[in-house]
Amino acid sequence: MNFENEFSLKFKALSCNEGFARMAVSVFLLPYDTYSDIMNDIKTAVSEAVTNSIIHGYEGMEGYVYIRCGVKDNVVYIEVSDNGCGIDDIKKAMEPLYTSKPSEERSGLGFTVMESFMDSVEVESTKNKGTRVFMSKSLLR
Amino acid sequence: MDYKVIQDCLIVKPNGEIDSHYADILKKEIENAALRLDIRNIIFDFSNVDFMDSSGIGLVVGRYKYTSAMGGITAAACISDRLMKLMTLSGLLKIIPACKTVEEAITKTKRGGKNEL
(Lines give C-alpha, C1' and ligand atoms only; values in the text may rest on other atoms or scores of the structure.)
Protein backbone atom coordinates (compact mmCIF):
# COMPACT_ATOMS: atom_id res chain seq x y z
CA MET A 1 0.00 0.00 0.00
CA ASN A 2 1.11 3.53 -0.72
CA PHE A 3 1.10 5.15 2.72
CA GLU A 4 1.04 8.87 3.42
CA ASN A 5 3.59 8.23 6.13
CA GLU A 6 5.24 5.09 7.46
CA PHE A 7 8.12 3.69 9.48
CA SER A 8 9.83 0.35 9.97
CA LEU A 9 11.50 -1.00 13.06
CA LYS A 10 13.70 -4.01 13.75
CA PHE A 11 14.60 -4.95 17.30
CA LYS A 12 15.90 -7.93 19.23
CA ALA A 13 13.26 -10.34 20.53
CA LEU A 14 13.66 -9.38 24.18
CA SER A 15 10.69 -8.77 26.46
CA CYS A 16 12.24 -5.51 27.66
CA ASN A 17 11.66 -4.15 24.12
CA GLU A 18 7.86 -4.51 24.31
CA GLY A 19 7.51 -1.07 25.86
CA PHE A 20 9.79 0.43 23.23
CA ALA A 21 7.73 -1.14 20.42
CA ARG A 22 4.33 0.15 21.57
CA MET A 23 5.76 3.57 22.46
CA ALA A 24 7.34 3.86 18.99
CA VAL A 25 3.96 3.26 17.37
CA SER A 26 2.14 5.68 19.67
CA VAL A 27 4.74 8.44 19.25
CA PHE A 28 4.61 8.01 15.46
CA LEU A 29 0.82 8.46 15.62
CA LEU A 30 0.94 11.60 17.81
CA PRO A 31 0.63 14.05 14.86
CA TYR A 32 -2.68 12.41 13.90
CA ASP A 33 -4.10 13.67 17.17
CA THR A 34 -6.34 10.67 17.71
CA TYR A 35 -8.36 9.94 20.85
CA SER A 36 -6.54 8.58 23.88
CA ASP A 37 -8.72 5.47 24.06
CA ILE A 38 -8.02 4.66 20.39
CA MET A 39 -4.30 5.19 21.05
CA ASN A 40 -4.49 2.88 24.07
CA ASP A 41 -6.25 0.19 21.99
CA ILE A 42 -3.47 0.35 19.39
CA LYS A 43 -0.73 0.22 22.03
CA THR A 44 -2.37 -2.81 23.63
CA ALA A 45 -2.68 -4.67 20.31
CA VAL A 46 0.96 -3.94 19.41
CA SER A 47 2.05 -5.16 22.83
CA GLU A 48 0.11 -8.42 22.35
CA ALA A 49 1.54 -9.06 18.88
CA VAL A 50 5.12 -8.31 19.92
CA THR A 51 4.78 -10.46 23.05
CA ASN A 52 3.55 -13.37 20.91
CA SER A 53 6.59 -13.07 18.63
CA ILE A 54 9.00 -12.99 21.57
CA ILE A 55 7.38 -15.63 23.79
CA HIS A 56 5.92 -18.00 21.21
CA GLY A 57 7.74 -17.21 17.95
CA TYR A 58 11.26 -17.37 19.36
CA GLU A 59 10.64 -19.09 22.71
CA GLY A 60 13.71 -17.50 24.25
CA MET A 61 15.90 -18.06 21.18
CA GLU A 62 17.69 -15.14 19.57
CA GLY A 63 15.95 -13.34 16.77
CA TYR A 64 14.42 -10.10 15.61
CA VAL A 65 10.92 -8.70 15.61
CA TYR A 66 9.88 -6.35 12.79
CA ILE A 67 7.23 -3.68 12.80
CA ARG A 68 5.98 -1.82 9.78
CA CYS A 69 3.46 0.88 10.48
CA GLY A 70 1.78 3.17 8.00
CA VAL A 71 -1.09 5.60 7.81
CA LYS A 72 -3.46 6.28 4.93
CA ASP A 73 -6.76 8.17 5.02
CA ASN A 74 -6.80 8.23 8.83
CA VAL A 75 -6.40 4.48 9.11
CA VAL A 76 -3.31 2.98 10.74
CA TYR A 77 -1.93 -0.28 9.33
CA ILE A 78 0.49 -2.24 11.50
CA GLU A 79 2.42 -5.35 10.54
CA VAL A 80 4.29 -7.25 13.27
CA SER A 81 6.44 -10.12 12.04
CA ASP A 82 9.09 -12.57 13.17
CA ASN A 83 11.24 -15.36 11.74
CA GLY A 84 10.33 -17.71 14.58
CA CYS A 85 8.83 -21.18 14.78
CA GLY A 86 5.47 -20.32 13.24
CA ILE A 87 2.01 -21.35 14.41
CA ASP A 88 0.77 -24.93 13.86
CA ASP A 89 -2.92 -24.17 13.87
CA ILE A 90 -3.80 -20.49 13.50
CA LYS A 91 -7.51 -21.06 14.07
CA LYS A 92 -6.82 -22.76 17.38
CA ALA A 93 -4.22 -20.17 18.41
CA MET A 94 -6.83 -17.45 17.90
CA GLU A 95 -9.45 -19.12 20.11
CA PRO A 96 -10.09 -17.14 23.32
CA LEU A 97 -8.23 -18.56 26.34
CA TYR A 98 -6.24 -21.03 24.24
CA THR A 99 -2.57 -21.02 25.22
CA SER A 100 0.24 -23.34 24.22
CA LYS A 101 1.94 -22.47 27.53
CA PRO A 102 -0.64 -23.01 30.30
CA SER A 103 2.10 -23.55 32.91
CA GLU A 104 3.48 -20.04 32.41
CA GLU A 105 0.46 -17.95 33.41
CA ARG A 106 -0.27 -16.89 29.85
CA SER A 107 -3.87 -15.78 29.65
CA GLY A 108 -4.48 -17.07 26.12
CA LEU A 109 -6.09 -13.76 25.23
CA GLY A 110 -3.49 -12.20 22.94
CA PHE A 111 -5.36 -12.61 19.65
CA THR A 112 -8.73 -11.97 21.30
CA VAL A 113 -7.44 -8.60 22.54
CA MET A 114 -6.01 -7.76 19.11
CA GLU A 115 -9.30 -8.63 17.42
CA SER A 116 -11.38 -6.70 19.96
CA PHE A 117 -9.20 -3.60 20.07
CA MET A 118 -8.45 -3.29 16.33
CA ASP A 119 -10.79 -3.06 13.32
CA SER A 120 -9.12 -5.94 11.49
CA VAL A 121 -6.54 -8.63 12.27
CA GLU A 122 -5.07 -11.14 9.84
CA VAL A 123 -2.45 -13.75 10.58
CA GLU A 124 -0.11 -15.58 8.20
CA SER A 125 2.26 -18.22 9.47
CA THR A 126 4.64 -20.78 8.03
CA LYS A 127 6.08 -23.54 10.16
CA ASN A 128 9.75 -22.80 11.01
CA LYS A 129 9.65 -19.67 8.84
CA GLY A 130 7.78 -17.20 10.97
CA THR A 131 4.56 -15.35 11.61
CA ARG A 132 3.12 -12.12 10.27
CA VAL A 133 0.24 -10.25 11.90
CA PHE A 134 -1.55 -7.50 9.97
CA MET A 135 -3.80 -5.13 11.89
CA SER A 136 -5.62 -1.94 11.05
CA LYS A 137 -7.69 0.62 12.89
CA SER A 138 -9.38 3.88 12.06
CA LEU A 139 -7.97 6.88 13.91
CA LEU A 140 -11.36 8.58 13.68
CA ARG A 141 -14.49 7.81 15.68
CA MET B 1 6.24 -2.24 42.89
CA ASP B 2 5.25 -1.08 46.36
CA TYR B 3 3.57 -3.44 48.79
CA LYS B 4 2.31 -3.49 52.32
CA VAL B 5 0.46 -5.85 54.60
CA ILE B 6 -2.80 -4.95 56.29
CA GLN B 7 -4.15 -7.73 58.51
CA ASP B 8 -3.96 -10.86 56.36
CA CYS B 9 -3.94 -8.97 53.05
CA LEU B 10 -0.96 -8.29 50.83
CA ILE B 11 -1.60 -4.96 49.09
CA VAL B 12 0.35 -4.84 45.84
CA LYS B 13 0.81 -1.55 44.03
CA PRO B 14 2.54 -1.92 40.64
CA ASN B 15 3.93 1.22 39.00
CA GLY B 16 3.80 1.96 35.28
CA GLU B 17 2.99 -0.40 32.42
CA ILE B 18 2.16 -4.09 32.93
CA ASP B 19 3.32 -6.14 29.93
CA SER B 20 4.86 -9.61 29.89
CA HIS B 21 8.26 -8.19 30.89
CA TYR B 22 6.97 -6.40 34.00
CA ALA B 23 4.39 -9.14 34.76
CA ASP B 24 7.21 -11.70 35.15
CA ILE B 25 9.03 -9.39 37.57
CA LEU B 26 5.84 -8.67 39.53
CA LYS B 27 5.01 -12.37 39.74
CA LYS B 28 8.36 -13.17 41.37
CA GLU B 29 8.14 -10.23 43.78
CA ILE B 30 4.59 -11.08 44.84
CA GLU B 31 5.40 -14.77 45.25
CA ASN B 32 8.40 -13.93 47.43
CA ALA B 33 6.43 -11.49 49.56
CA ALA B 34 3.46 -13.86 49.91
CA LEU B 35 5.65 -16.72 51.06
CA ARG B 36 7.63 -14.58 53.51
CA LEU B 37 4.64 -12.81 55.03
CA ASP B 38 1.70 -14.51 56.65
CA ILE B 39 -1.07 -13.50 54.24
CA ARG B 40 -4.18 -15.13 52.82
CA ASN B 41 -5.49 -12.45 50.46
CA ILE B 42 -3.92 -10.37 47.70
CA ILE B 43 -5.24 -6.96 46.70
CA PHE B 44 -3.97 -5.26 43.54
CA ASP B 45 -4.00 -1.47 43.75
CA PHE B 46 -3.98 -0.37 40.09
CA SER B 47 -3.94 3.38 40.72
CA ASN B 48 -0.37 3.78 39.40
CA VAL B 49 -0.83 1.53 36.35
CA ASP B 50 -1.45 3.42 33.11
CA PHE B 51 -1.17 0.51 30.69
CA MET B 52 -1.82 -3.20 30.84
CA ASP B 53 -1.98 -5.98 28.25
CA SER B 54 -3.21 -9.56 28.63
CA SER B 55 -0.02 -10.51 30.49
CA GLY B 56 -1.49 -8.58 33.43
CA ILE B 57 -4.62 -10.74 33.28
CA GLY B 58 -2.43 -13.86 33.47
CA LEU B 59 -0.63 -12.36 36.47
CA VAL B 60 -3.85 -11.66 38.39
CA VAL B 61 -5.36 -15.06 37.54
CA GLY B 62 -2.17 -16.73 38.79
CA ARG B 63 -2.47 -14.92 42.14
CA TYR B 64 -6.19 -15.76 42.27
CA LYS B 65 -5.27 -19.46 42.06
CA TYR B 66 -2.71 -18.99 44.83
CA THR B 67 -5.08 -17.25 47.27
CA SER B 68 -7.92 -19.68 46.43
CA ALA B 69 -5.66 -22.53 47.52
CA MET B 70 -5.07 -20.64 50.80
CA GLY B 71 -8.80 -20.12 51.31
CA GLY B 72 -8.48 -16.39 50.59
CA ILE B 73 -9.35 -14.09 47.72
CA THR B 74 -7.64 -11.84 45.19
CA ALA B 75 -9.24 -8.46 44.52
CA ALA B 76 -8.54 -5.52 42.21
CA ALA B 77 -8.89 -1.89 43.33
CA CYS B 78 -8.64 1.53 41.66
CA ILE B 79 -9.10 0.31 38.07
CA SER B 80 -9.02 3.11 35.48
CA ASP B 81 -11.41 3.12 32.49
CA ARG B 82 -8.46 2.24 30.30
CA LEU B 83 -7.75 -0.96 32.25
CA MET B 84 -11.44 -1.71 32.73
CA LYS B 85 -11.93 -2.38 29.01
CA LEU B 86 -9.35 -5.19 29.05
CA MET B 87 -10.55 -6.57 32.39
CA THR B 88 -14.15 -6.74 31.20
CA LEU B 89 -13.20 -8.32 27.87
CA SER B 90 -11.08 -10.97 29.61
CA GLY B 91 -13.86 -12.05 31.97
CA LEU B 92 -11.48 -11.47 34.90
CA LEU B 93 -14.09 -9.56 36.89
CA LYS B 94 -16.34 -12.63 36.92
CA ILE B 95 -13.86 -14.36 39.22
CA ILE B 96 -12.36 -11.49 41.23
CA PRO B 97 -14.10 -8.47 42.78
CA ALA B 98 -13.40 -4.98 41.41
CA CYS B 99 -13.36 -2.38 44.19
CA LYS B 100 -13.28 1.41 44.12
CA THR B 101 -10.75 1.59 46.96
CA VAL B 102 -8.24 -0.64 48.74
CA GLU B 103 -10.30 -0.24 51.95
CA GLU B 104 -13.37 -1.62 50.18
CA ALA B 105 -11.28 -4.56 48.96
CA ILE B 106 -10.07 -5.28 52.50
CA THR B 107 -13.69 -5.36 53.66
CA LYS B 108 -14.43 -7.80 50.81
CA THR B 109 -11.73 -10.19 52.01
CA LYS B 110 -13.52 -10.52 55.35
CA ARG B 111 -16.60 -11.78 53.54
CA GLY B 112 -14.59 -14.15 51.35
CA GLY B 113 -15.18 -11.92 48.35
CA LYS B 114 -18.97 -12.31 48.44
CA ASN B 115 -21.23 -9.32 48.04
CA GLU B 116 -23.72 -8.58 50.76
CA LEU B 117 -27.18 -9.95 50.06
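Computed from a predicted structure; not experimentally measured.

The rules behind these values
Residues numbered from 1 in each chain as written. Chains lettered and ligands numbered in written order. Predicted model: local features only at pLDDT ≥ 70, side-chain atom pairs only at ≥ 80, totals over all residues. Heavy atoms only, no water. Helix = DSSP H or I, 4+ residues; strand = E, 2+ residues; numbered from the N terminus. Rg over C-alpha atoms; globule rule 2.2 N^0.38 Å. Buried < 20%, exposed > 50% of the residue type's maximum accessible area, 1.4 Å probe, protein only. Contact = heavy atoms within 4.5 Å. Areas by Shrake-Rupley, 256 points an atom, 1.4 Å probe, with all protein chains shown as cover. Pairing = 2+ DSSP bridges. Axes fitted to C-alpha atoms, helices over the stretch in contact; angles between N-to-C directions. Core = buried A, V, L, I, M, F, W, Y, C linked by side-chain atoms within 4.5 Å. Phe/Tyr/Trp six-rings, centres within 6.5 Å; stacked < 30°, edge-to-face > 60°. Lys NZ or Arg CZ within 6 Å of the ring centre and 35° of its normal.

The next point concerns the overall build of chain A. In terms of helices and strands, chain A carries four helices and five strands. For chain A, the N- to C-terminal ordering of α and β elements is β-α-α-β-β-α-α-β-β. In terms of overall size, chain A behaves like a compact globule, its C-alpha atoms giving a radius of gyration of 14 Å where 141 residues would be expected to give roughly 14 Å. By the burial criterion, 53% of the 141 residues in chain A qualify as buried. Within chain A, residue pairs in contact and separated by at least 24 positions form 65% of the contacts whose partners lie at least 6 positions apart. Surface exposure of chain A reaches about 7000 Å², of which carbon and sulfur atoms provide 50%.

Here the focus is the side chain of Thr 109 of chain B. The residue Thr 109 of chain B is located in helix α4 (residues 102-110) in this model. Relative accessible area serves as the criterion here: at 6%, Thr 109 of chain B is assigned to the buried category.

What follows is about the sheet that holds strand β2 (residues 64-72) of chain A. All names here are of chain A. Strand order in the open sheet formed by five strands is β1-β2-β3-β5-β4, with antiparallel pairing between adjacent strands. Lying at the two open borders of the sheet, with one neighbouring strand each, are β1 (5-12) and β4 (120-126). Neighbouring strand axes in the sheet, compared pairwise and without regard to direction, differ in orientation by 10 degrees on average. Bridge analysis of β2 against strand β3 (residues 75-82) gives eight bridges, and the strand direction is antiparallel. Paired with Ile 67 across the strands is Val 80, a residue of β3. Packed onto the sheet, helix α1 (residues 18-29) meets β1, β2 and β3 and runs at close to 165 degrees relative to β1. Where helix α4 (residues 110-117) meets the sheet, it contacts β4 and β5 (130-138), and its direction lies at approximately 30 degrees from that of β5.

This next bit is on the nonpolar core. All names here are of chain A. The biggest cluster of nonpolar side chains holds 35 residues, and the ones touching the most others in it are Val 25, Leu 29, Ile 42, Ile 67, Ile 78 and Met 135. Sorting the residues of this core by element identifies β1, α1, α2 (36-57), β2, β3, α4, β4 and β5 as the ones contributing at least two each. With eight residues, α2 is the single largest residue contributor to this core. With near-sequence residues (within four places) excluded, Ile 78 lies in contact with Val 25, Ile 42, Val 46, Ile 67, Arg 68, Cys 69, Met 118, Val 133, Phe 134 and Met 135.

Before going further, it helps to spend a moment on the packing of aromatic side chains. Enumeration according to the criterion identifies four aromatic pairs over all chains in this entry. Between Phe 7 of chain A and Phe 28 of chain A the ring centres are 4.8 Å apart and the planes differ by 55 degrees, which places this aromatic pair in the tilted class. Taken together, the residues Phe 7 of chain A in strand β1 and Phe 28 of chain A in helix α1 connect sequence positions 21 residues apart. Taking the centre distance of 5.6 Å and the plane angle of 10 degrees together, the rings of Phe 44 of chain B and Phe 46 of chain B count as stacked. Taking the relative accessible area as the measure of exposure, Phe 46 of chain B reaches 2% and is therefore buried. Over the face of the ring belonging to Tyr 64 of chain A we find Lys 10 of chain A, whose NZ or CZ atom lies 4.4 Å from the ring centre. Over the aromatic face of Tyr 35 of chain A sits the side chain of Arg 141 of chain A, whose NZ or CZ is 3.9 Å from the ring centroid.

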